[in-house]
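# Reading the structure
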Amino acid sequence: MIGFILARLGKSAAILVAIVALNFLLIHAAPGDPAAVMAGEAGASDEKFLAQLRTQFGLDKSLPEQMALYMKGVLTLDLGYSYRQQMPVADLIFSRLPATLLLTFSAFAISLVLGTLAGVLASARVGSWADTLISTAALIFYATPLFWVALMAVILFSVTLDWLPGFGYETVGAGYTGLRRVLDIAEHLILPALTLGLFFMAVYMRMTRASMLEVRGLDFVKTARAKGLAPRTILWRHVFRNAMLPIVTLAGLQAGQLVGGAVLTETVFAWPGIGRLMFEALAQRDYNLLLGIFFISAAMVLLFNLITDVAYRVVDPRIRAS
Amino acid sequence: MEFWKRFSRHRGAVIGLVFLLLIVAIAVLTPMLFPSSPWRMVQRPFLPPFTMDRFPLGTDALGRDVLAGLAYGAQVSLIIGLISTAAALLIGIPIGLIAGYFGGLVDDVLMRFTEFFQTVPSFALAIVLVAIFQPSIVSIIAAIGIVSWPPVARLVRAEVLSLRSREYVEAAILSGQTNTTIILRQILPNTLSPIIVLASLMVATAILLESSLSFMGLGDPNLMSWGYMIGAARTVIRQAWWLSFFPGVAILLTVLALNLIGEGLNDALNPRLSRKGK
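Residues numbered from 1 in each chain as written. Chains lettered and ligands numbered in written order. Predicted model: local features only at pLDDT ≥ 70, side-chain atom pairs only at ≥ 80, totals over all residues. Heavy atoms only, no water.

### A few points about the overall build of chain B
On a plain count of helices and strands, chain B comes out with twelve helices and zero strands. For chain B, the α and β elements follow one another from N to C terminus as α-α-α-α-α-α-α-α-α-α-α-α. Overall, chain B is about 75 × 45 × 35 Å in size when its C-alpha atoms are taken along their principal axes. Taking all 278 residues of chain B together, 53% fall into the buried category. The contacts of chain B with a sequence gap of at least 6 include a subset with a gap of at least 24, amounting to 72%. When the accessible area of chain B is evaluated, it comes to approximately 12600 Å², of which 67% is carbon and sulfur surface. (Helix = DSSP H or I, 4+ residues; strand = E, 2+ residues; numbered from the N terminus. Buried < 20%, exposed > 50% of the residue type's maximum accessible area, 1.4 Å probe, protein only. Contact = heavy atoms within 4.5 Å. Areas by Shrake-Rupley, 256 points an atom, 1.4 Å probe, with all protein chains shown as cover.)

### Overview of the domain arrangement of chain A
Residue and element names in this part refer to chain A. Annotation of chain A at the domain level lists domain 1 (2-89) and domain 2 (92-321). Computed from C-alpha coordinates alone, the two centres of domain 1 and domain 2 are separated by 32 Å. Taken residue by residue, the interface counts 28 residues in domain 1 and 24 residues in domain 2. Both sides together, the interface formed by domain 1 and domain 2 hides about 2400 Å², and carbon and sulfur atoms give 69% of it. Summed over the three residues of domain 1 that lose the most area to domain 2, namely Phe4, Gln85 and Val89, the buried surface amounts to 23% of that side. In this assembly, domain 1 and domain 2 are joined by zero salt bridges. The interface formed by domain 1 and domain 2 includes five residue pairs in polar contact (both at pLDDT 80 or more). Breaking the side of domain 1 that touches domain 2 down by element, the ones donating at least two residues are helix H1 (2-29), helix H2 (34-39), strand E1 (81-82) and strand E2 (87-88). (Domains from an automatic or database assignment. Buried area = accessible area lost by both parts, 1.4 Å probe. Salt bridge = Lys/Arg side-chain N within 4 Å of Asp/Glu carboxyl O. Polar contact = N/O pair within 3.5 Å; in protein donor to acceptor, adjacent residues only side chain to side chain.)

### Overview of a nonpolar patch on the surface
Residue and element names in this part refer to chain B. On the surface, a cluster of nonpolar side chains totalling about 470 Å² of accessible area is made up of Val24, Val28, Leu29, Met32 and Leu33. In this fold, Val28 is placed in helix H2 (residues 11-33). Assessed through its relative accessible area of 56%, Val28 is described here as exposed. (Patch = residues over 30% accessible without salt bridge, like charges linked within 9 Å, V, L, I, M, F, W, Y side chains within 5 Å.)

### Overview of the interface of chain A and chain B
Contacts between chain A and chain B engage 45 residues on the former and 40 residues on the latter. In total, chain A and chain B occlude about 3900 Å² of area from one another, counting both sides; carbon and sulfur atoms represent 81% of this. The tally of links from chain A across to chain B stands at two salt bridges. Residue Lys11(A) is joined to Glu115(B) by a salt bridge in which the shortest nitrogen-to-oxygen separation is 2.8 Å. Among the secondary structure elements, those contributing two or more residues to the side of chain A that touches chain B are H1, helix H6 (129-143), helix H7 (146-160), helix H8 (178-216), helix H10 (231-269), helix H11 (274-283) and helix H12 (287-315) of chain A. Ranked by residues supplied to the side of chain A that touches chain B, first place goes to H12(A) with nine residues. Here the side of chain A that touches chain B is composed, by residue class, of 33 nonpolar, seven polar and five charged. (Nonpolar A, V, L, I, M, F, W, Y, C, P; charged D, E, K, R; others polar.)

### Regarding the environment of Leu78(B)
As for its placement among the helices and strands, Leu78(B) is situated in helix H3 (residues 66-102). As a C-alpha pair, Leu78(B) and Val152(B) span 74 residues in sequence and 20 Å in three-dimensional space.

### Overview of the nonpolar core
Counting residues in each nonpolar core, the largest one holds 173 residues, and the members touching the most others are Ile93(A), Leu290(A), Ile127(B), Leu213(B) and Met216(B). The element contributing the most residues to this core is H10(A), with 17 residues. Looking at this core, you find at least three residues from each of domain 1 (2-89) and domain 2 (92-321) of chain A. Every residue in contact with Ile127(B), bar those within four places of it in the chain, is listed here: Val263(A), Met278(A), Leu282(A), Leu290(A), Leu213(B), Met216(B) and Leu218(B). (Core = buried A, V, L, I, M, F, W, Y, C linked by side-chain atoms within 4.5 Å.)

### Remarks on the layout of surface pockets
Its volume calculated, the second largest pocket comes out at about 570 Å³. Together, 21 residues line the second largest pocket, and Arg8(A), Lys11(A), Leu253(A), Asn305(A) and Asp309(A) are the ones closest to its centre. Secondary-structure elements contributing two or more residues to the lining of the second largest pocket are H1, H10 and H12 of chain A together with helix H4 (104-119) of chain B. For the lining of the second largest pocket, the element with the highest residue contribution is H12(A), accounting for seven residues. Class assignment for the residues of the lining of the second largest pocket results in eight nonpolar, seven polar and six charged. Here the lining of the second largest pocket gathers at least three residues from each of two domains, domain 1 (2-89) and domain 2 (92-321) of chain A. (1 Å grid on protein atoms, 1.4 Å probe; cavity = no way out; pocket = protein on both sides within 12 Å on 5 of 7 lines; lining within 4 Å. Points joined across faces, edges and corners; volume = space filled by probe spheres on them.)

Right under this line is the structure:
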């Protein structure tokens with residue numbers, strides 16, 4: 001197990017290095033002066049400032065040297081300076097990261113639990129009205145643009161019905177502390193997490209349904225039935241546990257998309273995470289910040305994948321043997 | 001004929017096809033139906049929908065016709081969806097073919113490369129690419145192509161691996177055909193049906209991606225697109241719900257239609273696979 005984790009860590013590290021190289025390439029492939037790219041429009045007009053940046057980034061050195069310099073910077077988590085926000089990029093990102101983690105993990109948990117439950121329900125009664133309803137809903141959620149459903153949720157639940165806050169992370173200026181603050185944040189979290197989770201709910205539901213139907217036809221299920229076990233026991237203990245395996249794999253792969261989706265959801269709900277930060281970076285053409293966020297979100301995905309890979313081995317001992 | 005019979009057995013797919021043909025017709029006829037530019041101010045701003053027959057879906061914050069915007073947006077969505085899928089196929093198919101056919105080190109290197117692009121968060125990468133190379137129809141298509149080819153490469157590789165040891169391929173090797181001939185004439189044609197199914201679903205994903213990019217303000221500044229319309233309406237959502245509602249419905253229905261068509265194609269082209277679990 002430890003050998004496996006080490007091997008996976010090595011692979012993740014290689015991918016991370018490749019991403020840094022890609023970032024470096026992008027800065028140099030961008031039209032215009034790399035120093036101007038790094039500085040965003042902040043320094044575009046000031047020649048002296050740009051010259052200072054050029055020496056700072058070592059742009060007067062050879063390309064391989066510059067690459068080494070850049071690599072060393074990023075890998076020690078020095079992601080450069082955001083001239084727009086007047087703050088180091090790493091500080092900006094890490095101050096926003098908790099909000100994004102809270103949002104993505106909530107959305108992930110909601111979609112996984114509701115999606116698999118709906119999938120099990122649909123597969124237990126194939127062809128019934130419940131199956132038709134769940135399958136149709138999944139088909140629609142799967143085709144719905146995330147940002148649009150988020151906006152519609154704001155119109156319906158926040159503007160029209162006034163049930164839930166549609167903006168921000170907590171009530172500004174309320175000064176809540178302790179449990180009251182937790183509840184306040186939870187209330188703000190409901191809409192963003194639900195809308196972000198909707199698409200993935202559809203994915204997990206379709207997967208679970210297909211996977212349940214497939215496992216149901218296997219021989220060991222017939223044996224269980226022949227032994228006279230209760231249908232409910234067969235459904236949960238035999239079929240469900242085996243049907244879950246492909247879902248765990250898929251869940252890991254989907255992590256990357258979840259981070260991408262967070263950009264859209266956070267933009268709509270003004271959720272102060274790195275997704276919203278990315279939107280701000282775009283609006284201000286702050287490329288250094290943009291690339292920093294890209295790097296951190298890729299690192300998040302790698303971590304997520306690593307966790308699911310390990311989880312997979314815990315869930316399914318057969319993999320360890322092979 | 002057999003194909004059509006199997007396809008039409010999937011009722012949703014037929015509905016999807018009819019709807020898609022309608023969208024295509026609208027996109028083609030747009031210059032005739034709405035001769036003036038969708039960017040032109042035609043009425044007072046924030047005209048609610050269903051109040052004037054001339055502008056049934058109302059106008060936006062700058063008095064532009066929402067219906068005309070939707071029609072021009074259909075053009076943009078379809079064109080970007082199709083071309084970026086073609087771009088993804090152009091990258092993914094050769095990589096899959098080469099990796100699967102030659103195996104060994106070549107396969108290893110190409111698959112690591114594919115894995116890299118599969119791991120990187122695709123929407124974030126698309127944002128970075130479009131932002132750095134400046135938003136334009138070319139950079140958007142390139143970015144969508146670059147983030148969506150890995151599934152194609154993996155699918156083609158898996159297909160090639162299963163075809164590689166077939167007798168007719170071995171016969172072709174023995175008869176002295178070159179690798180290129182074998183790959184293009186013997187193997188590629190037999191991998192086409194799963195590729196077609198995947199491609200139809202990829203067009204849907206590409207349309208969603210394009211709309212997300214333009215929603216973030218990364219659309220081609222010269223093109224009226226559905227995502228742009230929603231993005232521009234985001235800040236006035238409290239006054240004017242229709243500005244974001246209608247373009248969203250257009251995206252939803254188009255993507256839904258393409259997904260249904262993909263399911264129908266799957267039933268028609270891979271009949272054995274689709275019967276499973278029914």
